[in-house]
Amino acid sequence: MNQNDFVLVINPFRDKIFRLAKRLLVSTEEAEDAVQEVIVKLWNRKKTLDEYKSIEAFAMTLTKNYCLDQLKSKRAGNLNGTNTNHKEKSSSLDEKIENEDSLRWIKKIINQLPEQQRMVIQLRDIEQYEFAEIAKIVEMNESAIRTTLSRARKMIREKMQQTHNYGIK
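Residues numbered from 1 in each chain as written. Predicted model: local features only at pLDDT ≥ 70, side-chain atom pairs only at ≥ 80, totals over all residues. Heavy atoms only, no water.

Draft legend 1. Up close: the overall build of the protein. A count of helices and strands for the protein gives seven helices and zero strands. When the helices and strands of the protein are read in sequence order from the N terminus, they spell out α-α-α-α-α-α-α. Across the 169 residues in the protein, those meeting the buried criterion constitute 39%. Nonlocal contacts in the protein, meaning residues at least 24 apart in sequence, comprise 68% of its contacts between residues at least 6 apart. As displayed, the protein has an accessible area near 10,600 Å², and 46% of this comes from carbon and sulfur atoms. (Helix = DSSP H or I, 4+ residues; strand = E, 2+ residues; numbered from the N terminus. Buried < 20%, exposed > 50% of the residue type's maximum accessible area, 1.4 Å probe, protein only. Contact = heavy atoms within 4.5 Å. Areas by Shrake-Rupley, 256 points an atom, 1.4 Å probe, with all protein chains shown as cover.)

Draft legend 2. Seen up close, the packing of helix α4 (residues 93–112) against helix α7 (residues 142–164). Between α4 and α7, the least distance of the axes is 10 Å, while the angle of their chain directions is 135 degrees. One element, α4, and the other, α7, form an angle in the oblique class. The crossing of α4 and α7 is right-handed. Contact residues: α4 offers S102, W105, I106, I109 and I110, while α7 offers M155, I156, K159, M160, T163 and H164. Per-class residue counts for the contact of α4 with α7 are seven nonpolar, three polar and one charged. (Axes fitted to C-alpha atoms, helices over the stretch in contact; angles between N-to-C directions. Parallel < 35°, antiparallel > 145°, perpendicular 65-115°, else oblique. Left-handed = near helix turned anticlockwise from the far one by under 90°. Nonpolar A, V, L, I, M, F, W, Y, C, P; charged D, E, K, R; others polar.)

Draft legend 3. Region of the structure containing a negative patch on the surface. Residues E29, E32, D33 and E37 make up a contiguous surface patch of negative charge. Turning to its location among the elements, D33 is positioned in helix α2 (residues 28–44). (Patch = residues over 30% accessible without salt bridge, like charges linked within 9 Å, V, L, I, M, F, W, Y side chains within 5 Å. Salt bridge = Lys/Arg side-chain N within 4 Å of Asp/Glu carboxyl O. Lys, Arg positive; Asp, Glu negative; His and termini not counted. Charge placed at Lys NZ, Arg CZ, Asp CG, Glu CD.)

Draft legend 4. A look at helix α6 (residues 131–138). By the burial criterion, the buried members of α6 are F131, I134, A135, I137 and V138. Summarising the axial view, the buried residues of α6 lie within an arc of 165 degrees, below the 170-degree limit, and thus occupy one face. Where α6 terminates, the next one or two residues include E139, which has phi positive at roughly 55 degrees. (Arc of directions from axis to C-beta.)

Draft legend 5. Looking closely at the packing of helix α1 (residues 3–25) against α2. For the pair α1 and α2, the least separation of the axes is 9 Å and the interaxial angle reads 145 degrees. Note on packing geometry: the crossing formed by α1 with α2 is right-handed. Of α2, the residues touching α1 (which contributes Q3, F6, I10, R14, I17, F18, A21, K22 and L25) are T28, E30, A31, E32, A34, V35, Q36, V38, I39, L42 and W43. Classifying every residue of the contact of α1 with α2 gives 13 nonpolar, three polar and four charged.

Draft legend 6. Geometry of the packing of aromatic side chains. Summed over all chains, the structure comprises one aromatic pair. Judged by centre distance (4.0 Å) and plane angle (15 degrees), the ring pair of Y52 and F58 falls under stacked. Owing to a relative accessible area of 31%, Y52 belongs among the partly exposed residues under this scheme. Above the ring of Y129, the side-chain terminus of K16 is found at 4.8 Å from the ring centroid. The residue whose ring lies beneath K46 is W43, and the NZ or CZ to ring-centre distance is 3.8 Å. (Phe/Tyr/Trp six-rings, centres within 6.5 Å; stacked < 30°, edge-to-face > 60°. Lys NZ or Arg CZ within 6 Å of the ring centre and 35° of its normal.)

Draft legend 7. A look at α2. In a regular helix each residue adds 1.5 Å, so 17 residues correspond to 24 Å; α2 covers 24 Å between its end C-alpha atoms and thus fits that length. Within the sequence span of α2, burial applies to A31, A34, V35, V38, I39 and L42. When α2 is viewed along its axis, its buried side chains cluster within an angular range of 135 degrees and face the same direction. Along α2, the residues that are exposed and aim more than 90 degrees away from the buried face are E29 and N44. (Expected span 1.5 Å × (residues − 1).)

Given below as structure tokens:
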């Protein structure tokens, strides 16, 4: 595989690698470093990349593992991220402000979820991966992923209801 072919293979999911790294590492600079490390690892394996069923899933697994190694080495516990794909559809200022506030609350709640739930939410709901692909990336079976995703969504829903009800039941 030459350099041009390599770039054509990697470019379609490079942003996904960055978003996952950013979600896990918080810092934009650290996420960019992670992307570079993953690309270097892929480049070093370019002769054997054809052996993988999904190069994208392999790249996401490399990203996840690299980021988790970075977090372990720093003993960092807080994860953060943003969804840059969010597009506002509301026309009124009130709706826009309310939607932005809800998005902030959802991000805050996601950041408080256990690591595994955060990762599954990121891969499924934000990156739109299929369950089979997530299973390869996080090394879990699909039913465990569905359960983890369900619990994460339930927690987000409950916390959002508490937020919108201002604690009134």
